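One letter stands for each residue in the lines below.
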Amino acid sequence: MMYDKPEALLWIDFETTGIDRVRSLPLEVGMECTDVLGGQSYGSLTRIIRPDGLDLLDMSPVAFSMHTDNGLLFELLNGSHRRDGVGVVANAVEEYLDSLSQRFTLIPAGTNVDFDIAFLRRMNLEPAAWLSYRKFDLTTMRRLVAILGGPDQYQGDSGSHRVRDCIRRDISDYTTMLEQIKQIGGGLS
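Presented here is an overview of the structure given in this document. All residue numbers here refer to positions counted from 1 along the written sequence of the relevant chain. Reporting in this predicted model follows two pLDDT cut-offs: at least 70 for local features of residues, and 80 or more for side-chain atom pairs to be given and counted; totals over whole chains, interfaces and linings ignore these cut-offs and use all residues. For the side-chain quantities, the full set of heavy atoms in the structure was used; hydrogens and water were omitted.

The next thing to look at is the sheet that holds strand 1 (residues 7-16). One key point about sheets: their strands pair by backbone hydrogen bonds, in either a parallel or an antiparallel sense. When DSSP finds at least two bridges between two strands, those strands are taken to pair. Secondary structure is summarised from DSSP: a helix means a run of H or I of at least four residues, a strand means a run of E of at least two, and numbering begins at the N terminus for each. Taken together, the 5 strands give an open sheet; going across it, the order is 3-2-1-4-5, and neighbouring strands pair in mixed fashion. Looking at the sheet topology across the chains shown, the edges are occupied by strand 3 (41-48) and strand 5 (136-137). Judged from the 5 bridges that link them, strand 1 and strand 4 (residues 105-110) form a sheet pairing that is parallel. Its bridge partner lying in strand 4, Glu 7 is registered against Thr 105. Throughout, a contact is declared for two residues whenever any of their heavy atoms are within 4.5 Å. All axes are obtained by fitting lines to C-alpha atoms, using only the stretch in contact for helices, and the reported angles, taken between N-to-C directions, cover 0 to 180 degrees. Along the sheet face, helix 7 (residues 163-184) touches strand 1, strand 2 (26-34), strand 3, strand 4 and strand 5 and points at about 140° away from the line of strand 1.

This is the structure:
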């Protein structure tokens, strides 16, 4: 049974051609599995995705600019369908998730988790085969911190918008917020 295994957080992020879950195309996927406290890593996967029929003129201007600046479009244009095609990357993701799900109950985590899960489905993968129905979305935690008078973490530096950086930021924010919660709660564990 799925719940006989220890829980682990599966940090997930996609970079895409835009914010439309139906029309936008996935360009890069990243995942990292950690313990529930975000301190121990059990491995990661990062892959660029060279979609069939990528039309740079069809990208949102914001995504085009961002992915030009961060080098993702350069990598995609120099990639190959044999190594970076959607099917090849989907197989790598499937193998990664199969391996982890044998050991852990995987709780999807990150920023806007439902968006990223939708892109797994766009790659013809069924997340329910590996992931718990529970989700841990940092968007809620960040908003709660701001509502309670803490810093608004959506202001300021937005980073490189590459999956490795986004996942590292999410794990760092998460562990920082956990420490703050422990201090408020008198060291609850």
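What follows deals with helix 6 (residues 138-147). All of the buried residues along helix 6 are Leu 138, Thr 139, Met 141, Arg 142 and Val 145. Angularly, the buried residues of helix 6 cover 165° about the axis, an arc narrow enough to put them on a single face. Along helix 6, exposed side chains directed more than 90 degrees from the buried face belong to Thr 140 and Ile 147. Elements in contact with the buried residues of helix 6: strand 1, strand 4, strand 5 and helix 7. Directly after helix 6, the chain includes Gly 149, whose backbone phi takes a positive value near 100°. Accessibility here uses a 1.4 Å probe with only protein chains present; expressed as a share of the type maximum, an area under 20% marks a residue as buried, one over 50% as exposed, and anything in between as partly exposed. To obtain the arc, one takes the directions from the helix axis to the C-beta atoms.

Contact pair helix 6 / helix 7: the axes reach a minimum separation of 11 Å and the direction vectors enclose 50°. Classified by the angle between their axes, helix 6 and helix 7 sit oblique to one another. In this structure, the crossing between helix 6 and helix 7 has a hand that is left-handed. Contacts between helix 6 and helix 7 involve Leu 138, Met 141, Arg 142 and Val 145 from the former and Arg 169, Asp 170, Asp 173, Tyr 174, Met 177 and Ile 181 from the latter. Note that the term roughly parallel is reserved for angles under 35 degrees, roughly antiparallel for angles over 145, roughly perpendicular for angles of 65 to 115, and oblique for everything else. Left-handed describes a crossing in which the near helix is turned anticlockwise from the far one by less than a right angle; the clockwise case is right-handed.

The next subject is the side chain of Thr 16. Residue position: Thr 16 is located in strand 1. Within the local environment of Thr 16, its side chain forms a polar contact with the backbone oxygen of Gly 18, the two atoms lying 2.4 Å apart. Those residues in contact with Thr 16, other than ones at most four positions away along the chain, are Ser 24, Leu 25, Pro 26, Leu 27, Ala 63, His 67, Phe 115 and Phe 119. Polar contacts, as counted here, are pairs of nitrogen or oxygen atoms within 3.5 Å of one another; within protein the pair requires one atom able to donate a hydrogen and one able to accept it, and residues that are adjacent in sequence qualify only if both atoms are side-chain atoms.

Phi at Asn 112 is positive, roughly 55°, even though this residue is not glycine. Checked against the element boundaries, Asn 112 lands in the loop between strand 4 and helix 5 (113-122).

Each Phe, Tyr or Trp ring, with Trp reduced to its six-membered ring, pairs with another whose centre is within 6.5 Å; inter-plane angles below 30 degrees give stacked pairs, above 60 give edge-to-face pairs, and intermediate values give tilted ones. Under the criterion given, the structure shown has 5 aromatic pairs. Ring centres of Phe 115 and Phe 119 lie 4.9 Å apart, and the angle between their planes is 55°; on these two criteria the pair is classed as tilted. Remark: Phe 119 and Phe 115 occur in helix 5; sequence separation between them is 4 residues, near one turn of the helix. The burial state of Phe 115 is the same as that of Phe 119; both residues are buried. Taken together through their ring pairs, the aromatic side chains of Trp 11, Phe 136 and Tyr 174 make up a single cluster.

That is the geometry; function is a separate question.
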